[in-house]
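Structural characterization, general
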Amino acid sequence: MTTPSLDELEVGDLERDDLPEAIGLLARGMRDNPIHVAAFGDNPEKRRRILERLFGALFRVMVAQQPIRVRSDGRIVAATGVAPAGSCQPTPRQGLALAPAMLAAGPRSAGRASRWIRAWGARDPDEPHVHLGPLAVDAHLQGQGIGSRLLAEHCRRLDATGEVGYLETDRPENVAFYERQGFEIVDQADVIGVACWFMRRPPRATGDG
Ligand SMILES: CC(C)(COP(=O)(O)OP(=O)(O)OC[C@H]1O[C@@H](n2cnc3c(N)ncnc32)[C@H](O)[C@@H]1OP(=O)(O)O)[C@@H](O)C(=O)NCCC(=O)NCCS
């Protein structure tokens, strides 16, 4: 695939029919994130397969999700999950429905992943917030402004509704990426041996009223 021009990018809602393509992209794009290496081990293809299964379960079970995607020339080049306020933590029933995908990773990986997810969940803000993630630009297209376009659309929506944004990240280079669009570090912690940053974004006045 040739490099998409930023003018040709189309940003919008991820539809149900787009899910398989977006899940494949998210698994490829996030395969090498440090938290995934720590949880799922050194084999990249194994990590990709586990993530594909987990993200598939996430979007199937967490029905409130309002994911966003970027399309170029008919293909999805970036995608993100967006959990509206009050919907990011699974209910007990949703937790049960997610468990098989987690257990399929194997007992050691499942144990590490549940420690990681509990540690992130414990830091979730009490205030209403829109929770971003998973988020990725396809692996061979990173660093060309595509992620910034996706994040700008997410932030535009936050500002339009006056809501707080929140996310976690496990890569220091992502912190500046999010800071550029108004996210601020609210916490930092070592989670299963990986440095993680927790970031909040207050809404900006849109000037509409
Ligand atoms: C993080 C990510 C979504 C950013 O999207 P992108 O299209 O690559 O980023 P943009 O080109 O819009 O912006 C570039 C900035 O993003 C950051 N960045 C993070 N990862 C990067 C990467 N792999 N390549 C280039 N820039 C990256 C840097 O701050 C960079 O700024 P700089 O050029 O001044 O160093 C994308 O790189 C990605 O999918 N990374 C792997 C998965 C991941 O970490 N997802 C986020 C989980 S919280």
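The following paragraphs examine the structure supplied in this document.

Here we come to the layout of surface pockets. Size it by volume and the second largest pocket reaches roughly 180 Å³. Around the second largest pocket, the lining residues are D13, L14, E15, R16, L19, F59, M62, V63, Q65, Q66, P67 and R157. Broken down by class, the residue content of the lining of the second largest pocket amounts to 6 nonpolar, 2 polar and 4 charged.

So, on to the pattern of salt bridges. Pairing between side chains of opposite charge can happen when their charged atoms approach one another. Evaluated as defined, the whole model comprises 16 salt bridges. A salt bridge links E10 to R69; the nearest nitrogen and oxygen atoms lie 3.3 Å apart. Within this pair, whereas E10 is found in strand β1 (residues 10–13), its partner R69 is found in strand β2 (residues 68–72), the two being separated by 59 residues in sequence. The exposure class assigned to E10 is partly exposed, which follows from its relative accessible area of 41%. R200 is paired through a salt bridge with E127; the nearest N and O atoms lie 2.6 Å apart.

Further remarks concern helix α5 (residues 107–122). With 16 residues, α5 extends 22 Å between its outermost C-alpha atoms, agreeing within 8% with the 22 Å of an ideal straight helix rising 1.5 Å per residue. Buried within α5 are the following residues: S109, A110, A113, W116 and W120. Take α5 and look down its axis: the buried residues cluster within an arc of 130°, on one side only. Exposed and facing more than 90 degrees away from the buried side of α5 are P107, R108, R118 and A122. Residues of α5 that are buried in the fold lie against α2 (34–40), α3 (44–61), α4 (92–103), β5 (165–169), β6 (184–191) and β7 (194–201).

Attention now goes to the site of the ligand. The environment of the ligand is made up of 21 residues, and the closest members are G143, G145, G147, S148 and R180. Within the side chain of S148, one N or O atom sits 2.6 Å away from an oxygen atom of the ligand. Burial of the ligand by the protein chains amounts to 75% of its free accessible area of 840 Å². When residues of the shell around the ligand are traced back to their parent elements, those giving at least two are α1 (19–30), β4 (130–137), α6 (146–161), β5 and α7 (172–179). If you tally residues by element for the shell around the ligand, the top one is α7, at 4 residues. Taken together, the residues of the shell around the ligand break down into 7 nonpolar, 10 polar and 4 charged.

What follows concerns the sheet that holds strand β3 (residues 75–83). Spatial strand order, β1-β2-β3-β4-β5-β7-β6: 7 strands in an open sheet with mixed pairing. Edge positions in the sheet fall to β1 and β6, since each of these pairs with one other strand and no more. When the angles between neighbouring strand axes are averaged without regard to direction, this sheet yields 25°. Across 2 bridges, the pairing between β4 and β5 is parallel.

Judged by nonpolar contacts, the single largest core of 36 residues is most densely connected at F40, W116, V191 and C196. Only α1, α2, α3, β3, α4, α5, β6 and β7 provide two or more residues apiece to this core. With residues up to four places along the chain from it excluded, the contact list for C196 reads I35, W120, T169, D170, D187, Q188, A189 and V191. Counting residues in hydrophobic clusters, the runner-up holds 23 residues, among them V70, L132, I146 and F177.

Looking now at the packing of α3 against α4. Angle between the axes and distance between the axes are the two parameters that describe a pair of packed helices. It is the contact of α3 with α4, at a shortest axis distance of 9 Å, that shows an interaxial angle of 165°. With respect to α4, the axis of α3 lies roughly antiparallel. Here α3 and α4 pass one another in a crossing that is right-handed. Contacts from R53, L54, A57, L58 and V61 of α3 reach α4 at Q94, A97, L98, A101 and M102. Partitioning the contact of α3 with α4 into residue classes produces 8 nonpolar, 1 polar and 1 charged.

Conventions used here
Each chain carries its own residue numbering, running from 1 in the written order of its sequence. Where local features are concerned, this predicted model is filtered to residues with pLDDT of at least 70; where side-chain atom pairs are given and counted, the filter is 80 or more; whole-chain, interface and lining totals use all residues. For side-chain calculations, the full set of non-hydrogen atoms in the structure is used, while hydrogens and water are omitted. Definitions used for this entry: grid spacing 1 Å over protein atoms alone; cavity, a set of points where a 1.4 Å probe fits but cannot get out; pocket, an open set with protein on both sides within 12 Å along at least 5 of 7 lines; lining residue, one with an atom within 4 Å of a point. Grid points are joined across faces, edges and corners, and a volume is the space filled by probe spheres set on the points. In this classification, Asp, Glu, Lys and Arg are treated as charged, Ala, Val, Leu, Ile, Met, Phe, Trp, Tyr, Cys and Pro as nonpolar, and every other residue, Gly included, as polar. For this document, the term salt bridge refers to a Lys or Arg side-chain nitrogen within 4 Å of an Asp or Glu carboxyl oxygen. Secondary structure elements are taken from DSSP: a helix is a run of H or I of four residues or more, a strand is a run of E of two residues or more, and numbering for both begins at the N terminus. Buried, partly exposed and exposed residues are distinguished by accessible area as a fraction of the type maximum, computed with a 1.4 Å probe on protein chains only: under 20%, between the cut-offs, and over 50%, respectively. Take the residue count of a helix, subtract one, and multiply by 1.5 Å to get its expected span. It is the directions from the helix axis to the C-beta atoms that the arc portrays. Residue contacts follow a heavy-atom distance rule, with two residues in contact if any of their heavy atoms lie within 4.5 Å. Proximity is defined per residue: any heavy atom of the residue falling within 4 Å of a molecule or strand makes that residue near it. Nitrogen and oxygen atoms within 3.5 Å of one another constitute a polar contact, given that in protein one can donate a hydrogen and the other can accept it, and given that sequence-neighbouring residues count only through two side-chain atoms. Only the protein chains shown count as cover for residues, with accessible areas throughout obtained via the Shrake-Rupley method and a probe of 1.4 Å. Any two strands with at least two DSSP bridges between them are considered paired. The axes used here are C-alpha line fits, helices contributing only the stretch in contact, and every angle between their N-to-C directions lies in the interval 0 to 180 degrees. We call a set of buried residues a nonpolar core when its members are Ala, Val, Leu, Ile, Met, Phe, Trp, Tyr or Cys and they connect through side-chain atoms within 4.5 Å of each other. Angles below 35 degrees are treated as roughly parallel, those above 145 as roughly antiparallel, those between 65 and 115 as roughly perpendicular, and all remaining angles as oblique. Working rule for handedness: look at the near helix, and if it is turned counterclockwise from the far one by less than a right angle, call the crossing left-handed; if clockwise, right-handed.

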